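Structure at a glance
What follows is each chain in one-letter form.
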Protein chains: 2
Amino acid sequence: MNIYKGHIIYTPTPQAFSTIENGYIAVDDKGLVIEVSKERPASYPDIPVTDFGDALLIPAMNDMHVHAPQYRNMGIAMDKELLPWLNQYTFPEESRFKDIDYAYAIYTRFIHDLWLNGTMRSVVFATSDLRSTLLLCRLFEKVGLGAAVGLVAMDRNCPKELQVPYEQFATDMAKLVEDSKEFSTVFPILTPRFIPSCSPELLKTISRFVEQMHLPVQSHLSENRAEVAWVKELEPESSCYGDAYNHYGLFGQTPTLMAHCCYTEGEELELMRRNRVMAVHCPMSNCNLGSGIAPIRTLLQNEVDVSLGSDVAGGHSLNIFRVMQYAIQMSKLRYAQSEGTVPFLTLSEAFYMATKAGGAYLFGSGSFEKGYAFDALVIDDKSLNYSDPKKGVMPYSLPQRLERFIYSGDEHTIVHRFCGGKEIYEPKL
Amino acid sequence: MNIYKGHIIYTPTPQAFSTIENGYIAVDDKGLVIEVSKERPASYPDIPVTDFGDALLIPAMNDMHVHAPQYRNMGIAMDKELLPWLNQYTFPEESRFKDIDYAYAIYTRFIHDLWLNGTMRSVVFATSDLRSTLLLCRLFEKVGLGAAVGLVAMDRNCPKELQVPYEQFATDMAKLVEDSKEFSTVFPILTPRFIPSCSPELLKTISRFVEQMHLPVQSHLSENRAEVAWVKELEPESSCYGDAYNHYGLFGQTPTLMAHCCYTEGEELELMRRNRVMAVHCPMSNCNLGSGIAPIRTLLQNEVDVSLGSDVAGGHSLNIFRVMQYAIQMSKLRYAQSEGTVPFLTLSEAFYMATKAGGAYLFGSGSFEKGYAFDALVIDDKSLNYSDPKKGVMPYSLPQRLERFIYSGDEHTIVHRFCGGKEIYEPKL
């Protein structure tokens, strides 16, 4: 076991930060938190303390929606909204991942960048190609980062070379599940791309994996107006976009993550609540693709849980701290547009979304409460915490230090990263 | 004179980038651009070429609205909208700048950070304290960065210690103007904080400086709904907020910058157009303070020029590239909310706002056209421009490299900075 010491800040609930100045966290040999405390835990006098001095010790980030094969498109191609953007930029790039060398070149850099940004667990769309998807799993596993990896199911309304017929998908998915048994930090997640790219037969095939293997599910939901209208055409019998997934048993029958939810309301909202479907808010992407402002306060008020995703390459950065900024900022625009009637997100609410919300739902991580996997970041914010008492410049308070790191810091101030109790050093892939 | 070589990208007009691969810029001894060309300029065979190799060579950033004394509040205190935020966080911090040691400690770090982020010219609010405002001017001058610096005029609706009666303001302002005669890169700008904090007598006093000395003017305009309503109460005879400034001869009688304009429309819009008042768009701040989305497309369509400002500490970063991102992103939210009827900003429009719009209006900089001051950044984006042809990973195109730097790069990829033809090295203050 290990004992770590630092200025501990985390969010057991969205309402407030728990802060322990010079506190201790005891972690067992399985990498789970035993105890978090103000005093050195008395039960383990022989265990030396790893002391991080004046640094902040916070839960690591979880990116609950990200497209690994779009990594090379990050920060470019921002001139279209969703549907033309997929056709013009996304699908051609994803087609290249049948070339395993290309996949290796991009996926290694993607994983390095996740590491750099302090994201210890992620929920990933790979491509419809099995071989490179298995490669991605193995790379995560080798580095020791947690991931739910999706072999993307798609058999219509996209380039031929990305389409996989449902029989083939069933074979590929079974192989992925089989091979995943050797993994410790990585597991598969069922990933219908979205209703428009999945035939009813394919959705039924995926549904059988839910029933028989109880795998979790991820997809996209109500991201963009044109997309919502298209789904209505494709699935006229469904009362809403979410109901189309539900119709096929892919909407909360197992843990289910639905990215975006910009236009979720009414029956869809109620269905998410009832089925415990988690919304993944991707505000950076929603800005870049002109999708709109997701009604996050409304989702929360209706007891739908919300986590955060970078949605690279819709988002232009893997930095989840920056995604937190956007989540708060977009909620403030909604606040302004509602003339102050819809309260904006607080910093602790956004931090909870980036840590415990998604972590607890899928990975058993995201908090420092007893029993959680010790996923943590050590933040050396000296450069941000300038003080000079002789000149009257006093240090920032702990909550201010965290806020300042989130808004004005960057990944270079992260000096240690832990996933499941293990320190994760810079990947050399 | 000097000749520089690199991949040149700039925006003579908002509509498109001008790009010259491996191009040349000749700069005269006054620091002005003589010529930009594809071939080595033939007229100066004896002048050696400074070759930046594969780097990008772009105009430097202009921050047309920033509060130097709020630098320490950057990235904290994001839980209020404008008026309570001023009272609770801003005014108490500004009050500290009567302590010259404190001012020195903060202003030196502020200037270093401007430098780091590639901002070579800025339009700055200091405080109402003359001594520390002069210090700020001298620090800019010493480093060689361009700045229009404002001694902030305020005599009501703020803490006593920040108020300066109009007679005293006249004396202080005259002293600032006098002392500024020794400066080469720095000049004073008249700076009524905003209508609520300026009595009619004070506004009349400022107006006399406009008439007699033809100094430029900066202030805040229509940032926030409660502020707009308050101004209506304070100046019932004015038809709009902008008309209140105009009433006192502070709205385009000389070059005038008005920050925010979130709620500018109708008569105010028309007055800005007619008087050639420049809007300074501060989208990062407008998000953080819940002010709203400024109607930038409408301003542009009505021939009001728009530049960009960080508005630190309303904004949480001095990085104007990041402000460009927000300008585009907020215009995309407006696009979404207008169901696609209001076109979003293009990258070249945002780049123009960050460079030529403000630069040409106030500093004679911001472009590489003949006669412009050579304000430039050299961007070594190797880390962003990953390629490996053996694995099928090809380099990005030049426009993609610029876009990727703007969205996903950071200040550490800026390797040279020029202001007015002089290379500006890291300030050691």
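Because the structure is a prediction, the values reported are computed rather than measured. (Residues numbered from 1 in each chain as written. Chains lettered and ligands numbered in written order. Predicted model: local features only at pLDDT ≥ 70, side-chain atom pairs only at ≥ 80, totals over all residues. Heavy atoms only, no water.)

Turning to the overall build of chain A, a few remarks are in order. Of the regular secondary structure elements, chain A holds 13 helices and 17 strands. Dimensions along the principal axes, computed over C-alpha positions, put chain A at roughly 65 × 55 × 40 Å. By residue count, 66% of the 429 residues in chain A fall in the buried class. A separation threshold of at least 6 residues defines the contact pool for chain A, and within that pool the share at least 24 residues apart is 75%. Of the roughly 14,600 Å² of accessible surface on chain A, 50% is carried by carbon and sulfur atoms. (Helix = DSSP H or I, 4+ residues; strand = E, 2+ residues; numbered from the N terminus. Buried < 20%, exposed > 50% of the residue type's maximum accessible area, 1.4 Å probe, protein only. Contact = heavy atoms within 4.5 Å. Areas by Shrake-Rupley, 256 points an atom, 1.4 Å probe, with all protein chains shown as cover.)

This next bit is on the side chain of Arg121 of chain B. All names here are of chain B. Looking at the secondary structure, you find Arg121 in strand β6 (residues 119-125). You can call Arg121 buried: its relative accessible area is 9%. One polar contact links Arg121 to Asp375, side chain to side chain, over a distance of 2.6 Å. Excluding its chain neighbours within four sequence positions, the residues that come into contact with Arg121 are Met61, Asn62, Asp63, Gly146, Phe363, Ser365, Ala373, Asp375, Cys419 and Gly420. (Polar contact = N/O pair within 3.5 Å; in protein donor to acceptor, adjacent residues only side chain to side chain.)

A few words on the sheet that holds strand β4 (residues 49-59) of chain A. All names here are of chain A. Sheet architecture is open: seven strands sit in the order β3-β2-β1-β4-β15-β16-β17, paired in mixed fashion. This sheet does not close on itself; its edge strands, each paired only once, are β3 (33-37) and β17 (422-423). Alignment of strand β2 (residues 16-27) against β3, held across four bridges, turns out to be antiparallel. Counterpart to Tyr24 in the pairing with β3 is Ser37. (Pairing = 2+ DSSP bridges.)

For the coordinates displayed, the defined rule picks out 34 salt bridges over all chains. In this structure, Lys5 of chain B engages Asp51 of chain B in a salt bridge whose closest nitrogen and oxygen atoms are separated by 3.9 Å. With Lys5 of chain B in strand β1 (residues 2-13) and Asp51 of chain B in strand β4 (residues 49-59), this residue pair connects regions lying 46 residues apart in the sequence. By relative accessible area, Lys5 of chain B is classed as buried at 18%. Through salt bridges that share partners, Asp54, Asp381 and Arg401 of chain A make up one connected network. (Salt bridge = Lys/Arg side-chain N within 4 Å of Asp/Glu carboxyl O.)

Another aspect to go through is the nonpolar core. Within the largest apolar cluster, 243 residues are counted, with the highest numbers of intra-cluster contacts made by Phe110, Leu136 and Phe140 of chain A together with Phe110, Leu136 and Phe140 of chain B. The element best represented in this core is helix α2 (residues 100-116) of chain B, accounting for 10 residues. Those residues within four positions of Phe110 of chain B in sequence are excluded, and the remaining contacts are Val66, Ala68, Tyr71, Leu136, Phe140 and Leu318 of chain B. (Core = buried A, V, L, I, M, F, W, Y, C linked by side-chain atoms within 4.5 Å.)

Residues and elements named next belong to chain B. Look at α2: 24 Å from first C-alpha to last across 17 residues, which is about the 24 Å you get at 1.5 Å a residue. Of all 17 residues making up α2, 12 are buried, and the element is well covered by its neighbours. Among all positions of α2, only Tyr102, Ala103, Ala105, Ile106, Tyr107, Thr108, Phe110, Ile111, Asp113, Leu114, Trp115 and Leu116 are buried. Looking at the buried residues of α2, the elements they touch are β5 (61-67), α1 (82-95), β6, α3 (130-143) and β16 (414-419). Capping the start of α2 is the job of one residue whose side-chain oxygen sits 3.0 Å from the backbone nitrogen of Asp101: Asp99. Once α2 finishes, Gly118 follows within two positions and takes phi at roughly 80°, a positive value. (Expected span 1.5 Å × (residues − 1).)

Turning our eyes to something else, we now look at the interface of chain A and chain B. On the side of chain B, 55 residues touch chain A, which itself brings 55 residues to the contact. Taking both partners together, chain A and chain B bury about 4,700 Å²; carbon and sulfur atoms supply 48% of that area. The tally of links from chain A across to chain B stands at two salt bridges. Between Arg225 of chain A and Glu339 of chain B there is a salt bridge, and its shortest N-O distance comes to 3.9 Å. (Buried area = accessible area lost by both parts, 1.4 Å probe.)

By a simple turn and slide, chain A fits onto chain B: the slide is 0.0 Å along the axis, the RMSD is 0.0 Å, and the turn is 180°. Taken together, the rotation angle and the small translation identify this as a two-fold axis. The residues that chain A uses at the interface reappear at the interface of chain B in 100% of cases, marking a shared surface. (Least-squares fit on C-alpha atoms with pLDDT ≥ 70 in both.)

Time to look at the confidence of the model for chain A. With 100% of its residues at a pLDDT of 70 or more, chain A has an overall mean of 97. Both scores are given for the predicted complex: the pTM is 0.98, the ipTM 0.97. (pLDDT = per-residue confidence, 0-100.)

The next subject is the environment of Thr346 of chain B. Residue and element names in this part refer to chain B. For Thr346, the position within the fold is in the loop between α11 (320-337) and α12 (347-363). For the pair Thr346 and Gln15, spaced 331 residues apart in sequence, the C-alpha to C-alpha distance is 8.2 Å. Not counting residues up to four positions away in its chain, the partners in contact with Thr346 are Pro14 and Ile328.

Mapped onto the fold, Ser291 of chain B is located in the loop between α9 (283-288) and α10 (296-301). Residue class for Ser291 of chain B comes out buried when judged on its relative accessible area of 1%. Those residues within four positions of Ser291 of chain B in sequence are excluded, and the remaining contacts are Ala336 of chain A together with Glu223, Cys262, Tyr263 and Asn286 of chain B.

So, on to the packing of α11 of chain B against helix α13 (residues 398-408) of chain B. Residues and elements named next belong to chain B. The geometry of α11 relative to α13 is characterised by a closest axis approach of 8 Å and an angle of 95° between their N-to-C directions. Considering the angle they form, α11 stands roughly perpendicular to α13. In this structure, α11 uses Phe321, Met324, Gln325, Ile328, Gln329 and Lys332 to contact α13, whose residues at the interface are Phe405, Ile406 and Tyr407. Looking at side-chain class alone, the contact of α11 with α13 contains six nonpolar, two polar and one charged residues. (Axes fitted to C-alpha atoms, helices over the stretch in contact; angles between N-to-C directions. Parallel < 35°, antiparallel > 145°, perpendicular 65-115°, else oblique. Nonpolar A, V, L, I, M, F, W, Y, C, P; charged D, E, K, R; others polar.)

All names here are of chain A. If you trace the backbone, Thr264 turns up in the loop between β12 (256-260) and α8 (266-275). The buried category is assigned to Thr264, whose relative accessible area is 4%. A polar atom in the side chain of Thr264 sits 2.7 Å from the side chain of Glu268.

All names here are of chain B. With 17 residues, α12 should reach 24 Å at 1.5 Å per residue; the first-to-last C-alpha distance of 23 Å fits that figure. In α12, a bend of some 45° at Met353 exceeds every other bend along the element. Looking at the residues trailing α12, positive phi occurs at Gly364, about 65°. (Bend = angle between axes of the 7 residues up to and from the residue.)

Turning our attention to the sheet that holds β6 of chain B. Residue and element names in this part refer to chain B. Pairing within the open sheet is parallel, and its four strands lie in the order β5-β6-β7-β9. Looking along the sheet, the strands with just one partner apiece sit at the ends: β5 and β9 (186-188). Here the strands of the sheet are splayed against their neighbours by 15° on average, with no regard to which way each runs. Alignment of β5 against β6, held across five bridges, turns out to be parallel.

Turning our eyes to something else, we now look at unusual backbone geometry. Residues and elements named next belong to chain A. Following Val312, the chain continues into Ala313 via a peptide bond in cis, with omega recorded as 10°. Position of Ala313 among the secondary structure elements: in the loop between β14 (306-308) and α11 (320-337). Here the phi dihedral of Arg276 falls at roughly 55°; this positive angle occurs in a residue that is not glycine. Here Arg276 falls in the partly exposed class, since its relative accessible area comes to 42%.

Our next topic: the pairing of β4 of chain A. All names here are of chain A. The pairing of strand β1 (residues 2-13) with β4 spans five bridges and is classified as parallel. Each residue of the ladder has a partner; that of Tyr4, found in β4, is Thr50. Two elements, β4 and strand β15 (residues 376-379), share four bridges in a ladder whose sense is antiparallel. Within the sheet, the bridge partner assigned to Pro59 lies in β15 and is Ala376.

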